[in-house]
Amino acid sequence: MPGFELFGDAERQSVSDVLDNGVLMRYGFDGMRKGHWKAKALESELQNTFKSKHVQLVSSGTAAVSVALASAGVGAGDEVIMPTFTFVASFEAIMMLGAIPVLVDIDSTLTLDPKAVEAAITPRTKAVMVVQMCGSMGDMDALKSICEKHNLVFVEDACQAIGGTYKGKPLGSIADVGCFSFDFVKTITCGEGGAVVTNNKDYYLNADHYSDHGHDHVGNDRGAETHPFLGYNFRISELHAAVGLAQVKRLPDFLAIQKRNFDIIREELSQISEVEFRTVPEGGEESCAFLNFFLPNLEIARKVSKAFKENGIDACFHYYDNNWHYIRKWDHLKNLKSLFPISEEVRKGLQYLETKTFEQSDNYIARNLSCLIKLSWTEDEVKERAKKMAKLIKENL
Ligand SMILES: *Cc1c(COP(=O)(O)O)cnc(C)c1O
């Protein structure tokens, strides 16, 4: 996955364009720019990548999720349904707006279980956020129809799934509003950065203004711009956008390498009858950023994970025991450890976490291993790795 593995002359040249004119800011300073508008150019590249009308770059994937929700009008006291298996950014971005994250079970896709979503809807529910974890996706048709039926905003966090598709559409472009991250370890990196993707012009204009202090971006005198509403600063810099612009042009190459490496390992592991791959919904194509599979039980998954680590198979994660991606280890959320007072509404809204259990999610995450697919491996290295992984799995069954 990480695009930084293949940094080269293109990235260097793009950053040096920005340093040559000295304009590190994405807005204004038209006369000094010598024609370089890296953030704007990256937004227009991404419109093609995501086959979407509008893209707003922001400072991170976490910011993208918050800006997307804010742009769709989600705020204080609103409930946002999200999965138990995701990145901590999901609940952070929701809580930043004073909204309440409602965590629900995942299914064998490793994303939202539509039945669990439907069961969690209350009169306060405003949005459903699917997180396309580890390069694959949820059942988008089922989730979309639930959102339409209940008049909810459908948000798609595709931070880990650039290049994946569902029924021919790029992941991140299917829901009402999509979010991407270009942080250092994502398939395309800016160092730090993110994007809000939508076909909804109102959401786009809201995201454009909100991520830059509410500036309306009319005319070319920033001081003369008006503020139709309150905003914040989630801008990306030209330096970051310059790296991303060089990287996004290489995306088709990155995806081809990812797929080659993924297919080699998947083919080898598919020879083992006890290995079961994640469910990919009909019509879905994974981005191949990760290969995810289930082992028969928690004990075996722990043994295989340990054997992988001890034998040089790096970057295979057992998220059941990992602090970043699964509810089981999020004590700071469950205990509401905040630096500043949290509103009574959110405090009450999160009380369910003191007692709620997630057996269905536990069952999938306990047995799952998630192996990062790197871009820098040669074909021979991948073949050797695949054989070694298969051997270690068999030895620990
Ligand atoms: C990386 C990631 C984010 C957050 O992105 P940052 O750019 O690191 O803030 C959000 N959601 C998911 C699923 C991610 O993997």
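For the structure given in this document, a descriptive report is provided here. Every residue gets a number counted from 1 within its own chain, in the order that chain's sequence is written. Local features are withheld for residues below a pLDDT of 70 in this predicted model, meaning they are given only at 70 or higher, and side-chain atom pairs are given and counted only at 80 or more; totals for whole chains, interfaces and linings count all residues. To obtain the side-chain values, all non-hydrogen atoms of the structure were included, while hydrogens and water were left out.

1. Describing the pairing of strand β2 (residues 79-83)
Stage number 1. Type-normalised accessible area, obtained with a 1.4 Å probe on protein chains alone, sets the label of each residue: buried when under 20%, exposed when over 50%, and partly exposed for intermediate values. The helix count covers DSSP runs of H or I at least four residues long, the strand count covers runs of E at least two residues long, and both are numbered beginning at the N terminus. Buried residues dominate β2, accounting for five of its five residues.
Stage number 2. Where burial is concerned, the two faces of β2 agree: the one with Glu79, Ile81 and Pro83 and the one with Val80 and Met82 are both buried.
Stage number 3. Judged from the five bridges that link them, β2 and strand β3 (residues 100-104) form a sheet pairing that is parallel. Looking across to β3, one finds that Val80 is bridged to Pro101.
Stage number 4. The handedness of the β2 to β3 crossover, carried by helix α4 (residues 89-95), is right-handed.
Stage number 5. Paired strands, in this sense, are two strands between which DSSP finds at least two bridges. Strand direction decides the pairing type here: β2 and strand β4 (residues 125-131), joined by three bridges, are parallel. Think of it like this: strands point away, you trace from the first strand over the helix to the second, and a clockwise trace means the crossover is right-handed.

2. Structural notes on unusual backbone geometry
In terms of backbone geometry, most residues other than glycine have negative phi values and most peptide bonds are trans.
Stage number 1. Within the chain, Lys34 stands out as a residue other than glycine whose phi angle is a positive 50 degrees.
Stage number 2. Within the secondary structure, Lys34 sits in the loop between α1 (9-21) and α2 (38-49).
Stage number 3. Residues other than glycine seldom take positive phi values, yet His217 does so here, at roughly 55 degrees.
Stage number 4. As for its placement among the helices and strands, His217 is situated in the loop between α7 (201-210) and α8 (238-248).

3. Some words on the environment of Ala246
Stage number 1. Mapped onto the elements, Ala246 comes out in helix α8.
Stage number 2. Once the C-alpha coordinates of Ala246 and Asp107 are considered, the two residues, 139 residues apart in sequence, prove to be 37 Å apart.

4. Digging into the packing of helix α3 (residues 61-71) against α7
Stage number 1. Angular values range over 0 to 180 degrees, each being the angle between N-to-C directions of two axes fitted as lines to C-alpha atoms, with helices fitted over their stretch in contact. One can describe the packing of α3 onto α7 by two numbers: an axis separation of 8 Å at closest approach and a directional angle of 125 degrees. One way to sum up the angle between α3 and α7 is to call them oblique. The way α3 lies across α7 gives a crossing that is right-handed. Two secondary-structure elements touch here, α3 through Val67, Ala70 and Ser71 and α7 through Tyr203, Asn206, Ala207 and Tyr210. Working rule for angles: under 35 degrees goes down as roughly parallel, over 145 as roughly antiparallel, 65 to 115 as roughly perpendicular, anything else as oblique. It is the rotation of the near helix from the far one that decides the hand of a crossing: anticlockwise by less than a right angle makes it left-handed, clockwise makes it right-handed. Any pair of residues with heavy atoms lying within 4.5 Å of one another is described as a contacting pair.

Purely spatial values, then, with no claim about function.
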